[in-house]
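Structure assessment
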Amino acid sequence: MGKVVFVGAGSMAEAIIAGIVHQRVMPATDVFVMNKSDEERLINLQQTYGVSIVRPDRRELAQAELVILATKPKDVQQAMQDISHLLQDNTAVLSVIAGVSISTIEKGVGSRAIARSMPNTSATIGLSATGIAYNSSVSLDMKQRITNLLSAIGIVEEVEEDALHLVTALSGSGPAYVYYMAEALEEAALAKGLSKEIARELIIQTLLGAATMLKETQNEPCELRRNVTSPGGTTEAGVNTLAAQRFKESIAACIDSAENRSRELGALTDTISN
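Residues numbered from 1 in each chain as written. Predicted model: local features only at pLDDT ≥ 70, side-chain atom pairs only at ≥ 80, totals over all residues. Heavy atoms only, no water.

In this section: the overall build of the protein chain. The helix and strand inventory of the protein chain stands at twelve helices and eight strands. Dimensions along the principal axes, computed over C-alpha positions, put the protein chain at roughly 70 × 40 × 35 Å. Burial status across the protein chain gives 38% buried among its 274 residues. The long-range share in the protein chain, meaning contacts at least 24 apart out of those at least 6 apart in sequence, stands at 64%. Split by element, the accessible area of the protein chain, about 15500 Å² in all, is 54% carbon and sulfur. Of the charged side chains in the protein chain, 24 are positive and 32 negative; the average position of the first set lies 2 Å away from that of the second. (Helix = DSSP H or I, 4+ residues; strand = E, 2+ residues; numbered from the N terminus. Buried < 20%, exposed > 50% of the residue type's maximum accessible area, 1.4 Å probe, protein only. Contact = heavy atoms within 4.5 Å. Areas by Shrake-Rupley, 256 points an atom, 1.4 Å probe, with all protein chains shown as cover. Lys, Arg positive; Asp, Glu negative; His and termini not counted. Charge placed at Lys NZ, Arg CZ, Asp CG, Glu CD.)

Quick look at the sheet that holds strand 8 (residues 154-158) now. In a beta sheet, neighbouring strands are held together by backbone hydrogen bonds and run either parallel or antiparallel to one another. Read across the sheet, eight strands follow the order 3-2-1-4-5-6-7-8 without closing on themselves; strand pairing throughout is mixed. Of all strands in the sheet, those with a lone pairing partner are strand 3 (52-53) and strand 8, marking the two edges. Direction of pairing for strand 1 (residues 4-7) relative to strand 4 (residues 66-69): parallel, over a ladder of four bridges. Its bridge partner being in strand 4, V5 is matched across the sheet by V67. Sitting on the sheet, helix 5 (residues 102-109) touches strand 4, strand 5 (92-95), strand 6 (114-118) and strand 7 (128-134), and the angle it makes with strand 6 is about 135°. (Pairing = 2+ DSSP bridges. Axes fitted to C-alpha atoms, helices over the stretch in contact; angles between N-to-C directions.)

Attention now moves to the nonpolar core. F6, I16, L94, I146 and L150 are the most contacted members of the largest nonpolar core, which has 36 residues in total. Of all the secondary structure elements, the ones that give two or more residues to this core are strand 1, helix 1 (11-22), strand 2 (31-34), helix 2 (39-49), strand 4, strand 5, strand 7 and helix 6 (140-150). At seven residues, helix 1 tops the list of elements feeding residues into this core. Setting aside residues up to four positions removed in sequence, L150 forms contacts with I16, L94, S117, T130, I132 and V156. Core analysis: the next-biggest nonpolar cluster, separate from the first, contains 21 residues, L69, M80, V100 and I114 among them. (Core = buried A, V, L, I, M, F, W, Y, C linked by side-chain atoms within 4.5 Å.)

So, about the layout of surface pockets. Put simply, the second largest pocket is a space of about 810 Å³. Lining the second largest pocket are 33 residues, and of these G8, G10, A70, T71 and K72 sit closest to its centre. Counting only elements with at least two residues in the lining of the second largest pocket, the list comes to helix 1, helix 4 (76-83) and helix 7 (164-172). Broken down by element, the residue count for the lining of the second largest pocket peaks at four residues, all from helix 4. Looking at side-chain class alone, the lining of the second largest pocket contains 13 nonpolar, 13 polar and seven charged residues. (1 Å grid on protein atoms, 1.4 Å probe; cavity = no way out; pocket = protein on both sides within 12 Å on 5 of 7 lines; lining within 4 Å. Points joined across faces, edges and corners; volume = space filled by probe spheres on them. Nonpolar A, V, L, I, M, F, W, Y, C, P; charged D, E, K, R; others polar.)

Where burial is concerned, the two faces of strand 5 agree: the one with A92 and L94 and the one with V93 and S95 are both buried. Strand direction decides the pairing type here: strand 4 and strand 5, joined by four bridges, are parallel. Bridge assignment links V67 to a residue of strand 5, and that residue is V93. Viewed along the sheet, the connection from strand 4 through helix 4 into strand 5 turns out right-handed. (Right-handed = clockwise from strand over helix to strand, strands pointing away.)

Right, let's get into the pattern of salt bridges. Summed over all chains, the structure comprises 13 salt bridges. Between E14 and R41 there is a salt bridge, with the nearest N and O atoms lying 2.8 Å from each other. Placement of E14 in helix 1 and of R41 in helix 2 is noted, with a sequence separation of 27 residues between them. Measuring nitrogen to oxygen at the nearest pair gives 3.3 Å for the salt bridge that ties E158 to K143. On the criterion of sequence distance, the pair formed by E158 in strand 8 and K143 in helix 6 is long-range, its members being 15 residues apart. (Salt bridge = Lys/Arg side-chain N within 4 Å of Asp/Glu carboxyl O.)

One can find T91 in the loop between helix 4 and strand 5. On the basis of relative accessibility, which here comes to 1%, the residue T91 falls in the buried class. For T91, the side chain forms a polar contact with the main-chain oxygen of A64, separated by 3.0 Å. Leaving out residues up to four positions away in the same chain, T91 has contacts with L61, A64, E65, L66, V67, R112 and A113. (Polar contact = N/O pair within 3.5 Å; in protein donor to acceptor, adjacent residues only side chain to side chain.)

As structure tokens, this is what we get:
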């Protein structure tokens, strides 16, 4: 990858920058950052990761092979307006902004290679689950370059753009569901008299162990569940209660609600762009 310019310097931009630098995907000297107004934030990223700050004349944008849009959704229209006239025709654009469609980006920065992705907050520790979609102008070579870059923060799966709404609901928002479950487990343990410190450690290790079993054994979740569910035992009693409380139906409704909201936000952004 040639020069990469981040437009926006928030937490997601930093997570990707950290991955690029720590995994040595490309030299930090070829990574540039800019944002709307927070100079202190840019200086912090420069000192922490060795990246460069885009100069006032923004000449780096004209030299970039890839521009990564990482602003807040409400700021993306102005950001695209500010940079579009500086980009070369062969400069690709990658968005990591929730709800902003490829067609909206095309209107903002012109007809060019454009990718739209949805990482999650686990990118900050290199364990993101990222969905990505491309327009027809993205070459196979550029797809591979972008995949390599995002792989520095976790796994990357290509999907059709419409499926990004479901990806947002599943893995984009997914960490919050897991934290909510951990919160519920901890509250239940505390109510039964276990100390917070012990409960927290047991919950963390249980979640970590279960996720690792899913990954390393490649067994179906239902098979792993059955393996620890002895007839008439404690696990069966707990699982039966979850089933009686319509646990699976609640999860399905959760995904539906998040996906629908993603579509609503996307439609709102598209309306604003028009």
